[in-house]
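Residue-level listing of the chains:
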Amino acid sequence: MRGVSTLSAEAGTGRPTAGGGEPVVGATVPEAAEPAELAPAARLWPALSAVYRAQLSRARVARIPLLFVATFQSIGIMVLMRGVVAAGPGEEARAVVAGASVLVVAFVGLNLLAQYFGQLRAAGGLDHYATLPVPPAAVVLGVAAAYASFTVPGVLVTALTGSLLFQLPLTGLWVLLAVIPLSGAALAGLGAALGLLAPRPELATVCGQLGMSAALLLGVLPPSGMPLPLQWARDLLPSTYGVEALMATFEPAPDWGSVMVDLGVCAAVGVVSLLLAAWAYRHAARR
Amino acid sequence: METGARHSKTVDGNAEDTVSAAGTAHAAAGPAPAAITVTDLVKTYPARRARRGRPVAEPVRASDGISLGVRRGEVFGLLGPNGAGKSTLVRQLTGLLRPDSGEIHVLGHDLVRHPQRAARLLAYLGQETTALDELSVLLAAETTARLRGLAADAARAEATAVLAELGLTPLAERPLKRLSGGERRLAHVAAALVGERGLLVLDEPTTGMDPLARRAVWAAIDRRRAERGTTVLLVTHNVIEAETVLDRVAVIDQGRVIACDTPGGLKALVGDDVRLDLVWRSEPPLHVPEVAALEGQAQRTGRRWTLRLSPADARAAVTAVTSGPAFAALDDFTLATPSLEDVYLALGGSGEGLVRM
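Given the structure is predicted, the values throughout are model-derived calculations rather than measurements.

Draft legend 1. Structural detail: the UniProt feature "transmembrane region" (unreviewed entry) in chain A. All names here are of chain A. As recorded in UniProt, the sites labelled "transmembrane region" (unreviewed entry) are residues 64–84, 96–117, 138–166, 172–196, 203–221 and 256–281. Annotated as 84% helix and 0% strand, the span residues 172–196 places its first and last C-alpha atoms 36 Å apart. End-to-end, the C-alpha atoms of residues 203–221 are 27 Å apart, and along that stretch the chain is 95% helix and 0% strand.

Given below as C-alpha cells:
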C-alpha cells in the first residue's frame, strides 16, 4: 500500500508514466497512507422522518390547491351519482361513497406521486439523494408517507359528506384510520414505482392519470354489475381492498371479519408495492 | 520522492520546468497523501437506436483513459467547455456512474468496487439540484444534514451556522424556488457544506452568483481547507475563477486530460504570447495593409478578431490599428496576458465555450 506511484494526467494512453524523459503532465501523488474513516450513514428511521418532515413542509405550500381539487372532484362525483343512486345502505350507494373517498388517496398518492418522482428523476434530482448515505427505502417511504398523510383531511371530508348525502351510518368511519395509511401505502408505492420506472416524465404523468382513472371507475361503480374482465381488473387494483373494507363498514351490521381480511390484503399489497418502489428507486438512482 | 520542482510538459513534449507553489509548500513537510487517484478511466455511453425522425447516435467515449491525482487539502479544478466530459468524470467519482474500466480511489477507498462508500466520504453538488426546490433554505440544509447522518439537534445547529457563514440567514425561511438563480445556487452550496466531509465535489457551484456570493463561497471553502484539510474538486468552465481559486487544474477535452498543472504553470506553456482582441465597427478595413496582414492569424467571432501574438508583434499591431483609417473602423480593442483559455486553445482544445467573467 505505502509508497509513491506516479500518476500522470497524460493525454493519449493515459497510463501512469514513470518520471524521466517521457512527457508527463500532472504530478506525482503518493498513495494514501491509510483510508479515511467513513462518515456514519443515516439510519432508516431518522432519515425517513427527515424526508417525511421536509416533504410535508413542501406539501403545505405546494399541494394544498391540489388537495382541494382532489376533494372537490370526489364530492362532485358523489353529487352526480346521487342523481342516479338511491340513498340508504344499498351496494351502489356504499360503493360510490367508499370509492370516492379512496379516490382522494389515488389522486394524491398515485397520480401526484408518479408525477413527482417522474420529474425528480428527469431533472436529476435523484442524484441529490443518491450521493447521501441514506437507505433508498427511507427516501421512497418518507415521500410516500408524506403524500399519504396529506390526503387525510380530503378523505375525511369526502367520507363525511358522502355519508350524509347518501344517508349512510357514520359509526364505522373510524376504519378510515386503517384504510388511509394502508391504501395510501399501496397506491403511493405504485405511484412512486411508476414515476421512477417510466422512461420519460410525461409517461409517468400519463401512467399516474390512467391509474387514477382506473381507481375512479373500478372503485366508484358497484362491482356486482361489472363484466368479468373488469372484475378481475378491479381485483388487481391496489385500492380495491381499501374500498371494500370501507364499503363493508357502511352496512347496517358490518361483517368485521371480512373488513379485517380486506385490510390485511390491503396491507400486504401495500408492503409489496412499497418494496417495488424501493427497488425502482435503487434502479433509477444507479443508472 | 517528490521534490519541490515538478516537470510539467505539454502533450507534444514541449518541456517547461515550473516550480509549483503547492509542490514547494508540501516539500518541507513531505507530500500530502492522495485524496483522489484516477487511473485509466474509461466510460462510453452506448449508441442509441435510430427512432423516427432521429438518426442513430454514435457511442460517445465520455471518459477516454483519464488518469489524474489530487492531493489532500488541494483545490483541484477540472476545466473544459460543455460536453468535454467533466461531469461524466465527477459522476463516476461520486459513485453515481459506473466506469467501464479503470480505477478510482478516493481518500484510500476503492470506489469502483464500493461505489456506495462515496456518500460517506464526500459531499457532491450537482449541476442541477431540483430535489430541494420546494423546501425553505434552512430546511433544505437541515434535511440534507440529517441525511448525512447527523442527529436532529446537530443538523439544525450546523445548518444554521452554514447559512450564517454564507450570508443566507435573511433568506432562511424562503422556499428555494422563490429565490433568484444565484441565491438558489448559494442555498445548494449550503446544503453541500453541511455535515463534515473530507472531499467536496462541486460541479460549477458559483453559476449565476453575484461577486459577493462567490466570495462567500470561496471563503467558506478556504475555511474548511484551513481548519479541516478539506479537499475540493471543482468543475468549472470559467477560466477567471479557475485562475484565482485553484491550486492545480486539469484541462479536459473530449474525455481526455490534455494538460494538468498549476494555473501559472499552464500559462507558462503558451510562452510570452499575448492576446489582442479587436472589435470592428462593421467590416474590417482590409484595405489597410497592416490589417490585411493580421487577417490570416485572426480567429473571427462576429465583429471580433482574436489574435495571439508575440509582445513585439502585438505592439506593432496596436500601433497600426490605433491610427488612421483602421482606427476609424475600430470599435474597441483589448490587449491581455495569456489566460487559461489561451492555454486551452494552444493545447489544441477543440471546443469553444469557456466563459470569462
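Once you've had a look at it, read on.
Draft legend 2. Quick look at the environment of A57(B). Residues and elements named next belong to chain B. Looking at the secondary structure, you find A57 in the loop between strand 3 (34–45) and strand 4 (60–71). Residue classification places A57 among the partly exposed residues on the basis of 13 C-beta atoms within 10 Å. Other than its neighbours up to four places away in sequence, A57 contacts A47 and R48.

Draft legend 3. Structural view of the UniProt feature "domain: ABC-2 type transporter transmembrane" (unreviewed entry) in chain A. Feature annotation in UniProt places "domain: ABC-2 type transporter transmembrane" (unreviewed entry) on residues 93–279 of chain A, given in this structure's numbering. Along residues 93–279 of chain A one finds 80% helix and 0% strand; the C-alpha atoms at either end are 39 Å apart.

Draft legend 4. Expanded view of the pairing of strand 9 (residues 199–203) of chain B. Residue and element names in this part refer to chain B. For strand 9, a buried count of five out of five residues is recorded, marking the element as mostly surrounded by other parts of the structure. With burial as the criterion, each face of strand 9 is covered, one bearing L199, V201 and D203 and the other bearing L200 and L202. Both strand 8 (residues 122–125) and strand 9 contribute to a ladder of four bridges, which runs parallel. Across the sheet, residue A123 finds its bridge partner in strand 9, namely L200. Pairing of strand 9 with strand 10 (residues 231–236), which is carried by five bridges, proceeds in the parallel orientation.

The rules behind each value
Residues numbered from 1 in each chain as written. Chains lettered and ligands numbered in written order. Predicted model: local features only at pLDDT ≥ 70, side-chain atom pairs only at ≥ 80, totals over all residues. UniProt positions renumbered as here; feature names shortened; annotations may be inferred. Helix = DSSP H or I, 4+ residues; strand = E, 2+ residues; numbered from the N terminus. Buried ≥ 20, exposed ≤ 12 C-beta atoms within 10 Å, placed from the backbone. Contact = placed C-beta atoms within 7 Å. Pairing = 2+ DSSP bridges.

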